[in-house]
Amino acid sequence: QPHKIRWTSVVSVMEEAGLDALPIVCFLSFFVGVVIAFIGATMLQQTLGSTVFTVELVGWAMMREFGVVLTGILLAGRTNSSFTAQIGSMKMRQEVDAMRTLGLDPIETLVTPRVLAMLIMTPFLTFGATLSGLLGGLIISWLALDISPILYVARLQDLVTVQNFWVGMSKSPFIALIVAIVACRQGLLVEGNVQSLGRATTASVVHAIFLIIVVDAVFAMIYMELGI
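What counts as what
- Residues numbered from 1 in each chain as written.
- Predicted model: local features only at pLDDT ≥ 70, side-chain atom pairs only at ≥ 80, totals over all residues.
- Heavy atoms only, no water.
- Helix = DSSP H or I, 4+ residues; strand = E, 2+ residues; numbered from the N terminus.
- Contact = heavy atoms within 4.5 Å.
- Areas by Shrake-Rupley, 256 points an atom, 1.4 Å probe, with all protein chains shown as cover.
- Lys, Arg positive; Asp, Glu negative; His and termini not counted.
- Charge placed at Lys NZ, Arg CZ, Asp CG, Glu CD.
- 1 Å grid on protein atoms, 1.4 Å probe; cavity = no way out; pocket = protein on both sides within 12 Å on 5 of 7 lines; lining within 4 Å.
- Points joined across faces, edges and corners; volume = space filled by probe spheres on them.
- Nonpolar A, V, L, I, M, F, W, Y, C, P; charged D, E, K, R; others polar.
- Buried < 20%, exposed > 50% of the residue type's maximum accessible area, 1.4 Å probe, protein only.
- Arc of directions from axis to C-beta.
- Salt bridge = Lys/Arg side-chain N within 4 Å of Asp/Glu carboxyl O.
- Phe/Tyr/Trp six-rings, centres within 6.5 Å; stacked < 30°, edge-to-face > 60°.
- Lys NZ or Arg CZ within 6 Å of the ring centre and 35° of its normal.

Participant: Tell me about the overall build of the protein chain, and name the residues and values.
Facilitator: On a plain count of helices and strands, the protein chain comes out with eight helices and zero strands. Going from the N terminus to the C terminus, the protein chain shows its helices and strands as α-α-α-α-α-α-α-α. In the protein chain, once contacts between residues fewer than 6 apart in sequence are set aside, the share between residues at least 24 apart is 84%. Surface accessibility of the protein chain: about 11,500 Å² in total, with carbon and sulfur atoms responsible for 71%. The positive charge centre, built from 12 side chains, and the negative charge centre, built from 14, are 8 Å apart in the protein chain.

Right under this line is the structure:
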């Protein structure tokens, strides 16, 4: 029933949980790309005597795994706790019961806007994280490894296929569902005391991170079996 969707709430959550999270997601991914480039260059120099393959290492790692996983973990720490605390506080103050008394469905009012907002924004955050990680690898390759930006981009285009990008992006909707559903469920389980809110917030973050890692591992095995 799309006419029941509260689009104002959806847009508000998109800004709060998605747009406001973009700087920290990109910032962290940038430095992860830097670290991957440094470690990869050292390892490749010792084993193969060549650092040019660092480009492929950064491209594969950021596109397939680290872009989406870092986004999911940051959302688990930032957005999960926020959603759980918001809904849990409403549950403590009996606002959820008041909504039911007024004939409002808490699922339609509180859960659906958050799920839709995360489904829309998580792919954009994953895209930003992937680009930032590749940019970090480019800068290190340029400054420390004498790999020019032109060569870096050319090797990415030639040797790291766009299929790897879509492999990472395909995981983002599942990450979004995990983040939103776990957070809202824990929030609705809060009882009428502060200790319950604290336990629910902690459980929300821990469960979300655990499920994100598990889902990523399952996808990795599936794609490996399919030869993707």
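Participant: Account for the layout of surface pockets, naming residues and giving values.
Facilitator: Summary: where empty space remains is shown by rolling a probe the size of a single water molecule over the atoms. Approximately 210 Å³ is the volume found for the largest pocket. Along the walls of the largest pocket sit M63, F127, L131, L134, L135, L138, Y152, V153, L156, Q157, V160 and F165, which together make up its complete lining. Listed by contribution, the elements that provide at least two residues to the lining of the largest pocket are α5 (106-144) and α6 (149-159). With five residues, α5 is the single largest residue contributor to the lining of the largest pocket. Looking at the lining of the largest pocket residue by residue, the classes come out as 11 nonpolar, one polar and no charged.

Participant: Any details on α6? Residues and values, ideally.
Facilitator: Helical geometry note: an α-helix holds 3.6 residues per turn, so side chains three or four residues apart project in the same direction. Those residues of α6 that sit buried are Y152, R155 and L156. The arc that holds every buried residue of α6, seen down its axis, measures 100°, which confines them to one face. Across α6 from its buried face, at more than 90 degrees, point the exposed residues I150, Q157 and D158. For α6, the elements touching its buried residues are α3 (54-92) and α5.

Participant: I'd like a rundown of the side chain of R114, residues and numbers included.
Facilitator: Inspection of the secondary structure puts R114 in helix α5. The buried charged residue R114 lacks any salt bridge partner; its closest oppositely charged side chain belongs to E16, at an N-O distance of 6.0 Å. Residues in contact with R114, not counting those within four places in the same chain, are V13, F83, Q86, I87, A180 and C184.

Participant: Give a description of the packing of aromatic side chains that names residues and reports values.
Facilitator: For the coordinates displayed, the defined rule picks out six aromatic pairs. With 5.3 Å between their ring centres and 90° between their planes, F30 and F31 make a pair best called edge-to-face. With a relative accessible area of 21%, F30 lands in the partly exposed category. For the ring pair F127 and F165, a centre distance of 5.9 Å and an interplane angle of 80° mean the geometry is edge-to-face. Pair noted here: F127 is in helix α5 and F165 is in helix α7 (residues 162-188), with a separation of 38 residues, a long-range link. Residue classification places F127 among the partly exposed residues on the basis of a relative accessible area of 37%. An aromatic cluster is defined as three or more aromatic residues linked by ring pairs; in this entry it consists of F27, F30 and F31. The ring of F83 carries the charged tip of R114 above its face, separated from the ring centre by 5.2 Å.

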